[in-house]
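# Structural description and commentary
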Amino acid sequence: MTDDDDGRAALATAIALSERLDLRLVLAYVRDGIPARRLARLAAEHGVGDRAEQRSGTGDPAMLIGRIAAEEGADLIVVGARARGRLRRGLDGRLADQLGSETPVPVLIAPALTSG
Amino acid sequence: MRSPLSVFWRVFAVNAGLLGVLAALLLFSPVEIDAPIRPVQALIIVLGLMLTLAANGYLLRRALDPLERLAQRMETVDLLRPGQRLQILRDDEISRVVIAFNRMLDRLESERRQSGRRILLAQEAERVGIARDLHDEVGQVLTGVLLQLGALEERAPEHRAEIAEAKQTVRRAFDEVRRISSELRPEMLEQLGLVSALTELTTTFARVSGIGVERRFDQSLPTLAPETELAVYRIAQESLTNVARHAQATRVTVALEQGYDSVVLRVVDDGSGFDGEPAEHGGLRSMRERALLIGGALAIKPAVPTGVDVRLEVPAIEAVHPVGVAR
Ligand SMILES: Nc1ncnc2c1ncn2[C@@H]1O[C@H](COP(=O)(O)OP(=O)(O)OP(=O)(O)O)[C@@H](O)[C@H]1O
Ligand SMILES: [Mg+2]
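Residues numbered from 1 in each chain as written. Chains lettered and ligands numbered in written order. Predicted model: local features only at pLDDT ≥ 70, side-chain atom pairs only at ≥ 80, totals over all residues. Heavy atoms only, no water.

### Quick word on the interface of chain B and chain A
Which entries qualify depends on this criterion: Only heavy atoms enter the contact rule, under which two residues are in contact if any of them lie within 4.5 Å. Buried surface area refers to the total accessible area, computed with a probe of radius 1.4 Å, that the two partners give up upon joining, counted for both partners together. Salt bridges are identified by distance alone: a Lys or Arg side-chain nitrogen within 4 Å of an Asp or Glu carboxyl oxygen. By the criterion applied in these results, polar contacts are pairs of N or O atoms within 3.5 Å in which, for protein atoms, one can donate a hydrogen and the other can accept it, and in which residues neighboring in sequence qualify only through two side-chain atoms. For helices the rule is a DSSP run of H or I covering at least 4 residues; for strands it is a run of E covering at least 2, with both sets numbered from the N terminus onward.
The interface of chain B with chain A comprises 27 residues on the first partner and 22 residues on the second. Where chain B abuts chain A, roughly 2,300 Å² becomes buried across the two surfaces, and 41% of that area is made up of carbon and sulfur atoms. Applying the counting rule to chain B against chain A returns 4 salt bridges. Its salt-bridge partner being B:Arg266, residue A:Glu53 comes within 3.1 Å of it at the nearest N-O pair. Linking chain B to chain A there are 5 residue pairs in polar contact (both at pLDDT 80 or more). Elements with a contribution of two residues or more to the side of chain B that touches chain A: α2 (39-76), β4 (297-302) and β5 (308-315) of chain B. For the side of chain B that touches chain A, the element with the most residues is α2(B), which contributes 9 residues.

Here is the structure:
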């Protein structure tokens, strides 16, 4: 998860998917310098506080997410539609695109939430 | 592959294009410049210049961006977390460097794998040797001492109590030798399989460390290759050693679960855990090394609410899909 709105969209999609398919859920919060506490709070808000595993880290988001996906043996990565990687990459910075070169794990792009 | 232009020509074209546009504007637009320049004219020139510089900067940055990513990747590459490659977007000098870099990573990773395998094999062989020596040599000596004490007991019945105590001490030493040599060489693993070996490991761990162990082993697990079983065992062993040494935990859960074409080992303690990423010394490095060699995915992360959660997913023998990015 990166942006707040996008993060929530991705989170909602990932939770729904993991419930329906009975999949393990690992949440990753990789925005520069934001403490792990926020991830725990977000998870609790969405009612998956004790079910979801939580990872956080600082650094290049695409690279970190790729690494976490590898470590967790992930089957699928869910990101928000407008989630960004490095800001200074400007227009090329869409996280979903960058992930293409970082990991062989399929990436699912969650559309922005229309309500809530 | 977007354009076959080289970086040189792309930079050249960007500048030539921008200068051309400026020249065309000056030539064909009704803009005139008076001898003592008027403020509006000066403003137009300054704006035009700023626009040109901005466009130039943006286009150059795009052209050189892959270089920056390459440099960044070169600095952060970690051979124990393989599989990261840079994407080739264009067909130019930079992408030739990127391709060469990716190939170099291929080579380095495969060499790393080979040397890692050699080191681990040598280490296991050495452990087997030490275990044998301990068991055979020290074990023989201790057995001898026991026999001598027995003989002494018959000859000097008045010292029976002291001799019985000495025998007890020798037996404890004998047990200790047996424990250490089975730690060095998990014979259980070869003879009775992973579940029995882990049961023994955790039982001994609970007795020696005083930390409560909860075992959760799935009833039927897919078959694992022998070297995979050894890796799972060693990683569990190293994780438990870390729990005893660093965690100040009261409980640790050791689980062996069936995954999708895989087996998942988990060692979760309720201790103090670590902040952010732990410094990786010999223990964690060798865990990563072992996971890498058998194509497993290893995550070492904070547990919820506290403690450390070690998760290792290894491919079963009949697995079709490799786990994670290990290739
Ligand atoms: N279960 C744990 N609980 C808390 N901290 C841990 C745990 N496991 C590892 N750590 C932290 O991670 C660090 C690295 O562990 P690692 O096993 O690589 O090295 P080590 O145990 O210090 O030395 P060794 O090379 O002998 O294993 C430890 O120093 C410790 O700070
Ligand atoms: Mg250690």
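### Topic: the packing of aromatic side chains
Residues and elements named next belong to chain B. Quick reminder of the rule: Only Phe, Tyr and Trp rings take part, Trp by its six-membered ring, and two of them pair if their centres are within 6.5 Å. Stacked means planes under 30 degrees apart, edge-to-face means over 60, and tilted covers everything else.
Enumeration over the complete set of coordinates arrives at 1 aromatic pair over all chains. With a centroid separation of 5.4 Å and 85 degrees between ring planes, the pair formed by Trp9 and Phe12 is classed as edge-to-face. Of this pair, Trp9 and Phe12 both sit in helix α1 (residues 7-28), 3 residues apart, which is roughly one turn of the helix.

### Re the pattern of salt bridges
For the coordinates displayed, the defined rule picks out 24 salt bridges over all chains. Between B:Arg179 and B:Glu176 there is a salt bridge, and its shortest N-O distance comes to 2.7 Å. Separated by 3 residues within a single helix, B:Arg179 and B:Glu176 lie in helix α4 (residues 160-184), roughly one turn from each other. Via salt bridges that share partners, A:Arg24, A:Glu53, A:Arg55, A:Glu71, A:Glu72, B:Arg266, B:Glu280, B:Arg285, B:Arg288, B:Lys301 and B:Asp309 belong to a single interconnected network.

### So, the site of ligand 1
All names here are of chain B. Stated formally: In these notes, residues near a molecule or strand are those with any non-hydrogen atom within 4 Å of it. Accessibility throughout is a Shrake-Rupley quantity obtained with a 1.4 Å probe, and a residue counts as covered only by protein chains that appear here. Residue classes follow a fixed rule: Ala, Val, Leu, Ile, Met, Phe, Trp, Tyr, Cys and Pro count as nonpolar, while Asp, Glu, Lys and Arg count as charged, and any other residue, Gly among them, counts as polar.
Around ligand 1 sit 17 residues, and of these Asn242, His246, Asp269, Ala279 and Leu284 come closest. At a separation of 2.9 Å, an oxygen atom of ligand 1 approaches a polar side-chain atom of Arg245. A distance of 2.8 Å separates an oxygen atom of ligand 1 from a polar backbone atom of Leu284. Summarising the interface, the protein chains cover 79% of the accessible area of ligand 1, which totals 600 Å² for the free molecule. Broken down by secondary-structure element, the contributors of at least two residues to the shell around ligand 1 are α7 (226-247) and α8 (282-293). Of the residues in the shell around ligand 1, the class split is 7 nonpolar, 6 polar and 4 charged.

### Quick word on the environment of B:Val11
Topologically, B:Val11 is positioned in helix α1. Separated by 53 residues in sequence, B:Val11 and B:Leu64 have C-alpha atoms that sit 9.4 Å apart.

### As for the packing of α2(B) against helix α3 (residues 93-155) of chain B
All names here are of chain B. Applicable threshold: What counts as an axis is a line fitted to C-alpha atoms, over the stretch in contact for a helix, and the angles between N-to-C directions run from 0 to 180 degrees. When describing relative orientation, an angle under 35 degrees is termed roughly parallel and one over 145 degrees roughly antiparallel, while 65 to 115 degrees is termed roughly perpendicular and anything else oblique. What makes a crossing left-handed is the near helix being turned counterclockwise from the far one by less than a right angle; a clockwise turn instead makes it right-handed.
As a packed pair, α2 and α3 sit with axes 10 Å apart at the nearest point and diverge in direction by 20 degrees. The angle between α2 and α3 falls in the class roughly parallel. Crossing geometry of α2 relative to α3 is assigned as left-handed. Residue-level contacts link Ala63, Leu64, Pro66, Leu67, Leu70, Arg73 and Met74 of α2 to Ile94, Val97, Val98 and Phe101 of α3. Taken together, the residues that form the contact of α2 with α3 break down as 10 nonpolar, no polar and 1 charged.

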